[in-house]
Amino acid sequence: MSEPAPTVLLVEDEAQMRRFLRASLSASGFTLLEATTAAEGLSLAASHNPELILLDLGLPDEDGVSLTRRLREWSRTPIIIISARGREASKVEALDAGADDYLTKPFGVSELLARMRVALRHAALVGGAPAPVFDFGGLHLDCARREVKLDGQAVHLTPLEYRLLSLLAQHAGKVLTHGHILREVWGPGHAEQTHYLRVYMAQLRRKLEPDPARPRLLMTEPGVGYRLRDQP
Ligand code: CA
């Protein structure tokens, strides 16, 4: 972590899970705030302004998705959902409500820390930051110069392909739902047209992946959306 002791708010009613996260996160240099209900979580988020929120979906007083919506009315703090619900519909619902990422229980500490780093880095970029440069796995994308290179060679993308790739790069490491991508790239009237997205993603993979059937960068999150991989 580059920032000293970022404050993380954990909203989780399961004592065992809180114990596990308390141990792992304090060992990794985070300051942890704990809430066991949605009401307590909302109030701690408002009073302490944490850098990141880890949120369980099944809370005793309110569903985590509805809490995410309420937090998003006034807060841009990254929210990572930690939930036993592995269903794709739950993931889409939580991400569309404004969560930044989703981890299905049980998960390992290193996976959690990697997702937290992505969320914190992304939050630091938002707000007047320069246009992003993506550089990983041989792909170089400079959004300010509209430059795309693969292994040092310029790649020609159509305007739509470029918008799709630069959207994924702006959120590198994060999963974006089909609906979110369609709204951002094609416009608000097209949120249901996932077949457009499939076609363009296949085109991008043909141009950017050595083996489009086994992508290394443009990753599918089945039933949820896509993620541009930005670390090994
Ligand atoms: Ca729970």
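Residues numbered from 1 in each chain as written. Predicted model: local features only at pLDDT ≥ 70, side-chain atom pairs only at ≥ 80, totals over all residues. Heavy atoms only, no water.

Draft legend 1. Up close: the coordination of the calcium ion. Only Asp13 (OD), Asp56 (OD) and Gly58 (O) from the protein reach the calcium ion as donors, at distances of 2.2 to 2.4 Å. Of note, the calcium ion draws all its donor residues from one chain, in the sequence arrangement D-x42-D-x1-G. Residue classification places glycine 58 among the partly exposed residues on the basis of a relative accessible area of 34%. (Donors = N, O, S within 2.8 Å, 3.2 Å for Na, K, Ca; no water. Buried < 20%, exposed > 50% of the residue type's maximum accessible area, 1.4 Å probe, protein only.)

Draft legend 2. Representation of the pattern of salt bridges within the structure. Within this structure, the stated rule accounts for 18 salt bridges. As a salt-bridge pair, arginine 227 and aspartate 101 come within 3.8 Å of each other at their nearest N and O atoms. Linking arginine 227 in strand 12 (residues 225-228) with aspartate 101 in strand 5 (residues 101-104), this pair joins segments that are 126 residues apart in sequence. By the burial criterion, arginine 227 is buried, and aspartate 101 matches it. One network of salt bridges, in which partners are shared, links Asp101, Glu111, Arg115, Glu221 and Arg227. (Salt bridge = Lys/Arg side-chain N within 4 Å of Asp/Glu carboxyl O. Helix = DSSP H or I, 4+ residues; strand = E, 2+ residues; numbered from the N terminus.)

Draft legend 3. Local environment of the environment of glycine 64. Relative to the elements of secondary structure, glycine 64 occurs in helix 3 (residues 64-72). Taking relative accessible area as the criterion, glycine 64 reaches 0% and is therefore assigned buried. Glycine 64 sits 107 residues away from histidine 171 along the chain, and the two C-alpha atoms are 23 Å apart. Dropping the residues within four chain positions of it, glycine 64 is found in contact with Leu55, Asp56 and Leu57. (Contact = heavy atoms within 4.5 Å.)

Draft legend 4. Broad picture of the pairing of strand 11 (residues 218-221). Of the strand pairs in this sheet, strand 11 and strand 12 are connected by four bridges, and their pairing is antiparallel. Bridge pairing in strand 12 places threonine 220 opposite tyrosine 226. The antiparallel hairpin formed by strand 11 and strand 12 contains three residues in its connecting segment, where glycine 223 sits at a positive phi of about 75°. (Pairing = 2+ DSSP bridges.)

Draft legend 5. Region of interest: the sheet that holds strand 9 (residues 153-154). With respect to topology, four strands assemble into an open sheet ordered 6-7-8-9, the strand pairing being antiparallel. Bordering the open sheet on either side are strand 6 (133-136) and strand 9, each of which pairs with just one other strand. Note that strand 6 and strand 7 (residues 139-142) share four bridges and pair antiparallel. Bridging from a neighbouring strand, phenylalanine 136 pairs with leucine 139 of strand 7.

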